[in-house]
Amino acid sequence: MSTKELSEQEIQRRESLKKLREIGINPYPAELFPVTDFAKSLIHDYEEEKEVCIAGRIMSRRIMGKASFAEIQDSTGRIQTYFNRDEICKEEDKTLYNSVFKKLLDIGDFIGIRGKMFKTQVGEISIHVTSFMVLSKSLRPLPLPKTDADGVVHDSFSDPEARYRQRYVDLVVNPSVKETFIKRSKIISSMRNFLNSKDYLEVETPILQSIPGGAAARPFITHHNALDIPLYLRIANELYLKRLIVGGFDGVYEFAKDFRNEGMDRTHNPEFTQMEIYVAYKDYKWMMDFTEEMLEKICMDVLGTTNVRIGENEVSFKRPFKRISMIDAIKEHTGIDISEMDIQALFTTCKELGVETDESMGKGKLIDEIFGEKCESSYIQPTFITDYPVEMSPLCKKHRENPELTERFELMVNGKELANAYSELNDPIDQKERFEEQVKLSEKGDDEAMFIDHDFVRSLEYGMPPTSGMGIGIDRLCMFLTNNSSIQEVLFFPQMRPEVKEKKINLSENEKTIFDILKKEQKMELNTLKENVGLSNKQWDKSIKNLNKNGISKVYKDQEVLFIEIV
């Protein structure tokens, strides 16, 4: 990397790196450092004069001549350390303290420390350092927040885009972020322990699938070179798990990474985690009881309470949860009974309610749109929405009392879907007919309609016992139990656009204006950008020509329309 691209601090740190090597110190040693202690336990279980060995980042320093203090941060927290020149350098050579510690180390560097526990005159638990070792030199300064005398925090690392792109920095400087992910791990562990306590088997099923099935969603597609066939990233793992029920397992579950090539927002990511479970000889009513029990147990394990603060709402996961059919929910919130409506009546109702539609929608999609637009946000406390119309649920068993409905529920919490469950369809003839109905929807333009999975139908022809299945969104559950409103806050590395790096080129004011707009939008129709910028034709032509010439942008044609994008 050219020094022209480095900040003054980055240049100084590289100089310090060079000097460490010159005096014989390897800033990136290969041998292990024998850590035996951690900050949190040393403070919690304080023992005077205890000999300790700890490692971590330097997060602050107070240099005071022959003696100094530094704060060390490890995976559990921070602890103060005390450095005395004559304790560290017992011989005449004081280089390790005077040069290495005072001048060549920086905030963010990793060091290993040996010493003894003591309390300062003001009672702060500290480590009296007897020796230290450089473990890793940091070449970039950490964006550490600063707190003034009035307690006001300045320069906090809070920009969401920067935090998500550089999660490694976010975790270092924002302790609450690490706590979110520790809770996420505990949530998954609690759920797994609960399922294992029921003697259900954790399994793994294919992520690359020749037919994407188990949900109505647009898939990602790739190509398998050796087999020369198209493959899809799975949108759900349902059909493979049900094959295992056919094979003789009574209960199977999987924590699955699934992928849906759809929109991104604060509650959706194209790559997400869900847990799906299938249990033989059960129905959706049993699964409601099971889901209530599991969520109550997770809340107690992770939070110690069933009362959860989600934004402005206090939500209780204490059993039992409210249960209401989808038809009754729509009637409750709109005053309209849709139970006897045909597709034309549903289109009319959507128009009257201001619900957007298109010609590709079937009855199920129309009903789903009405519920989503007019009802969903009202269910703050955990509520099972039950008995969905048959058109909405091609993998679900028809209702035992009304063949126009299915035995399905969705669990709504804080106005969002958390779980989805069925009494699973195990009639192979019915299943094939429903798949064929999905094909018709696809031909009408529904790009989320399901494919026909002939092998899955064949598996049902060998016989699948009565089964109930349920899928629960792990990311959304973590959002609720950590009180985060954005899915990006509970994913270590959420999907983002490629990072745009500004090139070191002197731009005119007009070129900067164009670049700043493009930086936000990534690409635009050329004429739309021109209108937004408001330059004369001569200024516009000159600016675009220079941006393209310097490799900052490019213009291309797509379906006879000119677009411009950042390179």
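For the structure itself, look to the data block above.
Criteria and cut-off values
- One numbering rule holds for all chains: residues counted from 1, following each sequence as written.
- For a predicted model such as this one, the threshold for reporting local features is a pLDDT of at least 70, and the threshold for listing and counting side-chain atom pairs is 80 or more; totals across whole chains, interfaces and linings nevertheless cover every residue.
- Excluded from the side-chain calculation are hydrogens and water; included are all heavy atoms of the structure.
- Helix and strand labels come from DSSP, where a helix needs a run of H or I of at least four residues and a strand needs a run of E of at least two; each type is numbered from the N terminus.
- We call two residues in contact whenever any of their non-hydrogen atoms come within 4.5 Å of each other.
- For the accessible areas, the method is Shrake-Rupley and the probe is 1.4 Å, while residue cover comes only from the protein chains on display.
- As used throughout, the charge tally considers Lys and Arg to be positive and Asp and Glu to be negative, leaving His and the chain termini uncounted.
- For charged residues, the charge sits on one atom: NZ in Lys, CZ in Arg, CG in Asp, CD in Glu.
- A strand pair is defined by DSSP finding two or more bridges across the two strands.
- Partly exposed residues are those whose accessible area sits between 20% and 50% of the maximum for their type, while under 20% is buried and over 50% is exposed, using a 1.4 Å probe and protein chains only.
- A carboxyl oxygen of Asp or Glu within 4 Å of a side-chain nitrogen of Lys or Arg is what we treat as a salt bridge.
- For helices, the fitted axis covers only the stretch in contact; all axes are lines through C-alpha atoms, and the angles between them, taken along N-to-C directions, range from 0 to 180 degrees.
- When an angle is under 35 degrees it counts as roughly parallel; over 145 it counts as roughly antiparallel; between 65 and 115 it counts as roughly perpendicular; any other value is oblique.
- Handedness of a crossing is defined here by the sense of rotation of the near helix relative to the far one, left-handed for an anticlockwise turn of less than a right angle and right-handed for a clockwise turn.
- Following the grouping adopted for this structure description, the nonpolar residues are Ala, Val, Leu, Ile, Met, Phe, Trp, Tyr, Cys and Pro, the charged ones are Asp, Glu, Lys and Arg, and the polar ones are all others, Gly among them.
- Put simply, two rings from Phe, Tyr or Trp (the six-membered ring, in Trp's case) pair if the centres are within 6.5 Å, and we call them stacked under 30 degrees between planes, edge-to-face over 60, tilted for the rest.
- Directions are taken from the helix axis to each C-beta atom, and the arc is the one they span.
- Only buried Ala, Val, Leu, Ile, Met, Phe, Trp, Tyr and Cys residues count toward a nonpolar core, and they belong to the same one when joined by side-chain atoms within 4.5 Å.

Caption draft 1: Spotlight on the overall build of the chain. For the chain, the count of helices and strands is 18 helices and 23 strands. Across its three principal directions, the C-alpha atoms of the chain cover 95 × 70 × 55 Å. Looking at the chain alone, contacts between residues at least 24 apart form 63% of all its contacts between residues at least 6 apart. Accessible area of the chain: about 29900 Å², with a carbon and sulfur share of 48%. Averaging the locations of the 79 positively and 96 negatively charged side chains of the chain gives two centres separated by 7 Å.

Caption draft 2: Quick peek at the sheet that holds strand β13 (residues 271-280). Strand order in the open sheet formed by eight strands is β8-β12-β13-β20-β19-β18-β17-β16, with mixed pairing between adjacent strands. Edge positions in the sheet fall to β8 (201-202) and β16 (322-325), since each has one partner strand and no second.

Caption draft 3: Just the environment of Lys19, in detail. With respect to the helices and strands, Lys19 occurs in helix α1 (residues 8-22). For Lys19, a relative accessible area of 43% corresponds to the partly exposed category. It is 72 Å that separates the C-alpha atoms of Lys19 and Cys350, two residues lying 331 residues apart in sequence.

Caption draft 4: Representation of the pattern of salt bridges. Under the defined criterion, the tally for this structure stands at 36 salt bridges. Glu254 is the partner of Arg234 in a salt bridge, and the nearest nitrogen-oxygen pair spans 3.4 Å. One end of the pair, Arg234, is in the loop between β11 (229-233) and α8 (238-246); the other, Glu254, is in strand β12 (residues 251-259), and 20 residues separate them in sequence. Residue Arg234 shares its accessibility class with Glu254, and that shared class is buried. Notably, a salt bridge pairs Glu424 with Lys242, separated by 2.7 Å at the nearest N-O pair. With a gap of 182 residues between them, Glu424 in the loop between β19 (416-423) and α13 (428-443) and Lys242 in helix α8 connect regions that are remote in the sequence. The same class applies to Glu424 as to Lys242, namely buried. One continuous salt-bridge network, built from bridges that share partners, spans Arg163, Arg167, Asp170 and Glu489.

Caption draft 5: Quick look at the packing of α13 against helix α14 (residues 454-461). Where α13 contacts α14, the two axes come as close as 9 Å, and the packing angle between them is 165°. When the interaxial angle is binned, α13 and α14 end up roughly antiparallel. Crossing hand, α13 versus α14: right-handed. Two secondary-structure elements touch here, α13 through Pro428, Gln431, Lys432 and Phe435 and α14 through Phe456, Val457, Leu460 and Glu461. Here the contact of α13 with α14 is built from residues that sort into five nonpolar, one polar and two charged.

Caption draft 6: Spotlight on the packing of aromatic side chains. Under the counting rule described, the total for this entry stands at 16 aromatic pairs. With centroids separated by 6.1 Å and ring planes inclined at 65°, the aromatic side chains of Phe101 and Phe132 adopt a geometry described as edge-to-face. Of this pair, Phe101 sits in helix α4 (residues 95-104) while Phe132 sits in strand β5 (residues 125-136), placing them 31 residues apart in sequence. No difference in accessibility class separates Phe101 from Phe132, as the two residues are buried. Ring pairs connect the aromatic residues Phe83, Tyr97, Phe101 and Phe132, which therefore count as one cluster.

Caption draft 7: Spatial organisation of the packing of helix α10 (residues 326-334) against helix α12 (residues 363-374). Contact geometry for α10 and α12: axes closest at 10 Å, N-to-C directions at 50°. What the angle tells us is that α10 and α12 run oblique. Viewed along their axes, α10 and α12 form a crossing whose handedness is left-handed. Across from Met326, Ala329, Ile330, His333 and Thr334 in α10, the residues of α12 making contact are Ile367, Ile370, Phe371 and Lys374. Looking at the contact of α10 with α12, its residues break down into six nonpolar, two polar and one charged.

Caption draft 8: Looking closely at α10. Those residues of α10 lying buried are Met326, Ile327, Ala329 and Ile330. Angularly, the buried residues of α10 cover 160° about the axis, an arc narrow enough to put them on a single face. On the buried face of α10, the contacting elements are β16, α12 and β17 (383-386). Backbone geometry just after α10 places Gly335 at a positive phi near 80°.

Caption draft 9: The nonpolar core, seen in detail. Membership of the largest hydrophobic core comes to 43 residues, with the highest contact counts inside it found for Met191, Met275, Ile277, Met470 and Ile472. Among the elements that make up this core, the one with the highest residue count is helix α9 (residues 284-303) (nine residues). In contact with Ile277, other than residues within four places in its own chain, are Leu195, Tyr200, Val252, Tyr253, Met287, Phe290, Ser468, Gly469 and Met470. Among the nonpolar cores identified, the runner-up in size contains 26 residues, and Ile79, Phe101, Ile111 and Ile127 belong to it.

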